[in-house]
Amino acid sequence: MRRVSVFGATGSIGQNTLDLIKRAPDAYQVVALSGAGNITQLAQDAQDLNAEIALTARDDLYDDLKSALAGTGIEVAAGQVALNDAACRPADWVMSAIIGAAGLQPGLLALQNGADLALANKESMVTAGRLMRETAQNAGRKILPVDSEHSAVFQALLGEDLSAVERVIITASGGAFLGWPIEKLADVTPQQAATHPNWDMGTRITIDSASMFNKALEVIEAKEFFDFRPSQIEVLIHPQSMIHALVGFTDGALMAHIGPPDMRHAIGFALHYPNRAPLPVERLDLRKIGQFTFQDPDEVRHPALRLARTVMETGGLSGAVFNAAKEIALDGFLGRQIGFLDMADVVETVMDRLLGCADINAAQTLDNVLAMDHLARQEARSVIARKPI
Ligand code: NDP
Ligand code: MG
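Residues numbered from 1 in each chain as written. Chains lettered and ligands numbered in written order. Predicted model: local features only at pLDDT ≥ 70, side-chain atom pairs only at ≥ 80, totals over all residues. Heavy atoms only, no water.

Caption draft 1: Spotlight on the overall build of the protein chain. The number of helices and strands found in the protein chain is 17 helices and eleven strands. Against the compact-globule benchmark of 21 Å for 389 residues, the protein chain has a radius of gyration of 20 Å, which places it among compact chains. Taking the principal axes of the C-alpha coordinates as reference, the protein chain spans close to 55 × 50 × 40 Å. Sequence-distant contacts, at least 24 apart, represent 67% of the contacts inside the protein chain between residues at least 6 apart. Per element, the accessible surface of the protein chain, about 16,400 Å² overall, is 48% carbon and sulfur. In the protein chain, which carries 33 positive and 47 negative side-chain charges, the distance between the mean positions of the two groups comes to 2 Å. (Helix = DSSP H or I, 4+ residues; strand = E, 2+ residues; numbered from the N terminus. Rg over C-alpha atoms; globule rule 2.2 N^0.38 Å. Contact = heavy atoms within 4.5 Å. Areas by Shrake-Rupley, 256 points an atom, 1.4 Å probe, with all protein chains shown as cover. Lys, Arg positive; Asp, Glu negative; His and termini not counted. Charge placed at Lys NZ, Arg CZ, Asp CG, Glu CD.)

Caption draft 2: Focus on the packing of aromatic side chains. Summed over the entire model, instances satisfying the criterion amount to nine aromatic pairs. Taken together, the aromatic side chains of F177, W180, F333 and F340 make up a single cluster linked through ring pairs. In this arrangement the basic side chain of K184 is found over the ring face of W180, its NZ or CZ atom lying 4.3 Å from the centre. (Phe/Tyr/Trp six-rings, centres within 6.5 Å; stacked < 30°, edge-to-face > 60°. Lys NZ or Arg CZ within 6 Å of the ring centre and 35° of its normal.)

Caption draft 3: Highlighting the layout of surface pockets. Here the second largest pocket defines a volume of roughly 320 Å³. Forming the walls of the second largest pocket are 19 residues, and the residues nearest its centre are R130, E224, G315, G316 and Q364. Secondary-structure elements contributing two or more residues to the lining of the second largest pocket are α6 (122–139), α11 (213–226), α14 (303–314) and α15 (318–334). Per-element accounting of the lining of the second largest pocket gives the leading share, five residues, to α6. (1 Å grid on protein atoms, 1.4 Å probe; cavity = no way out; pocket = protein on both sides within 12 Å on 5 of 7 lines; lining within 4 Å. Points joined across faces, edges and corners; volume = space filled by probe spheres on them.)

Caption draft 4: The arrangement of the site of ligand 1 in detail. Lining the immediate environment of ligand 1, one finds 24 residues, of which T10, A36, G37, N38 and E123 sit closest. The backbone of G202 places a nitrogen or oxygen atom 3.0 Å from an oxygen atom of ligand 1. Alone, ligand 1 offers 890 Å² of accessible surface; in the complex the protein occludes 83% of this. Elements with a contribution of two residues or more to the shell around ligand 1: α1 (12–23) and α6. Tallied by class, the residues present in the shell around ligand 1 amount to twelve nonpolar, nine polar and three charged. (Near = heavy atom within 4 Å. Polar contact = N/O pair within 3.5 Å; in protein donor to acceptor, adjacent residues only side chain to side chain. Nonpolar A, V, L, I, M, F, W, Y, C, P; charged D, E, K, R; others polar.)

Caption draft 5: Geometry of the coordination of the magnesium ion (ligand 2). Protein-derived ligands of the magnesium ion (ligand 2) are D147 (OD), E149 (OE) and E218 (OE), with the metal-ligand distances lying across 2.1 to 2.2 Å. Within one chain, the residues serving as donors to the magnesium ion (ligand 2) are arranged as D-x1-E-x68-E. Here E218 lies in helix α11 and E149 lies in helix α7 (residues 148–156), a separation of 69 residues in the sequence. (Donors = N, O, S within 2.8 Å, 3.2 Å for Na, K, Ca; no water.)

Caption draft 6: Representation of the environment of W180 within the structure. Summarising the element assignment, W180 is placed in the loop between β8 (165–172) and α8 (182–185). With relative accessibility at 24%, the residue W180 sits in the partly exposed group. Filtering out sequence-adjacent residues up to four positions away, W180 remains in contact with L185, V188, Q192 and R301. (Buried < 20%, exposed > 50% of the residue type's maximum accessible area, 1.4 Å probe, protein only.)

Caption draft 7: Region of interest: the sheet that holds strand β11 (residues 254–258). One open sheet accounts for four strands, arranged β9-β8-β10-β11; its pairing is mixed. The two strands at the open ends of the sheet, each matched to only one other strand, are β9 (233–237) and β11. Each neighbouring strand pair of the sheet contributes to a mean axis angle of 20°, computed without reference to strand direction. Summarising the sheet, β8 and strand β10 (residues 243–249) pair through five bridges and their orientation is antiparallel. Looking at β10, one finds that V168 is bridged to V247. Lying on the sheet, α7 is in contact with β8, β10 and β11; it crosses β10 at an angle near 35°. (Pairing = 2+ DSSP bridges. Axes fitted to C-alpha atoms, helices over the stretch in contact; angles between N-to-C directions.)

Caption draft 8: Structural detail: the pairing of β10. Counting buried residues in β10 gives seven out of seven residues, a clear majority hidden from the surface. Both β10 and β11 contribute to a ladder of five bridges, which runs antiparallel. By the bridge assignment for β11, A245 is matched with H257. Where β10 folds back on β11, the antiparallel hairpin that results is connected by four residues, among which G252 adopts a positive phi of roughly 95°.

This is the structure we're talking about:
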């Protein structure tokens with residue numbers, strides 16, 4: 001039996017992961033399941049899967065989780081330290097599906113303690129890509145991409161020589177407001193932005209899709225994951241969300257990964273790697289689909305993509321600045337303190353202030369990444385408080 005843990009088990013990726021695990025319960029021993037606010041779901045899944053330990057990131061919900069699992073024999077814990085401890089428990093495979101920079105530390109610890117890491121938490125690669133890769137290398141473990149685009153690139157590269165790669169095309173759906181005039185975007189609500197045309201995902205990533213911050217994070221993630229040059233990475237809007245990425249080789253061949261917009265494909269690929277196993281995803285009928293369309297993204301409309309290029313050129317701790325400022329700007333938009341288009345202004349203002357500082361090129365240690373993350377959050381909060389920006 002493979003020992004597996006799922007961090008962020010109550011979220012969109014976490015639930016899709018548990019769906020696959022529940023279909024083959026005899027194949028897995030579930031070690032740790034973590035959540036934050038959704039105690040009912042967490043307790044139910046911990047019981048269904050007979051997990052060793054269930055954890056909530058929220059200290060204030062410890063008693064609720066404890067009473068929900070009373071008499072089951074399942075261990076219960078709460079808080080960041082407990083999450084980190086649980087990530088150190090022996091496991092063969094760990095899913096990193098916490099949202100935001102909070103997912104970085106458990107993933108690093110899981111790698112250090114001998115697990116292969118299925119990485120949905122793109123923030124880990126954006127804030128600390130080099131650290132993640134070095135940690136995996138030193139531990140002799142693998143990081144398996146779960147973001148659909150990166151899983152697609154990973155699959156297109158199997159058996160290929162990386163030096164024969166000319167370019168990589170990451171596709172984007174365009175999000176909730178594709179085709180809307182830019183004047184209308186200033187007044188859109190979080191609820192409107194949280195509606196995705198194709199993918200069923202968590203609220204935060206869905207809004208990031210509409211603002212293109214998700215794609216900006218993914219461009220940086222692609223560079224960090226595969227060591228591509230920034231100039232090799234292109235973004236193309238593909239509203240059908242069925243071609244997830246394409247890899248172009250020096251002989252002109254373009255290898256595309258095509259599949260339905262269902263995260264269980266990328267999760268299942270990472271779960272069964274290096275094998276392919278049958279997965280419960282829709283088989284596409286290309287006759288019915290008829291056509292795939294593509295268009296260039298508009299970087300004036302979506303400054304996030306331009307900012308991602310600056311991050312890739314700057315390197316060092318600039319990814320931590322970009323991600324932290326984006327997380328706080330998104331909080332500001334969700335709390336109706338700033339508008340949809342203000343999010344990019346907040347991030348750019350924070351980058352202007354911090355990317356020139358001497359510390360930006362400090363070594364990518366966990367402490368340095370967390371310190372820069374903290375600083376950027378403070379800056380972003382003060383930028384929002386001093387609106388209009
Ligand atoms: P969700 O918001 O649906 O789920 C997030 C998970 O993290 C939940 O289990 C949540 O607990 C938990 N959580 C929230 N805040 C904290 C915290 N501070 N500390 C610890 N745990 C916390 O997110 P998604 O599943 O959509 O996304 C997860 C990750 O995967 C993100 O990095 C995202 O970018 C990436 N990803 C997601 C895709 C998708 O299809 N959803 C596609 C590609 C990548 P609770 O719900 O109990 O409060
Ligand atoms: Mg993606």
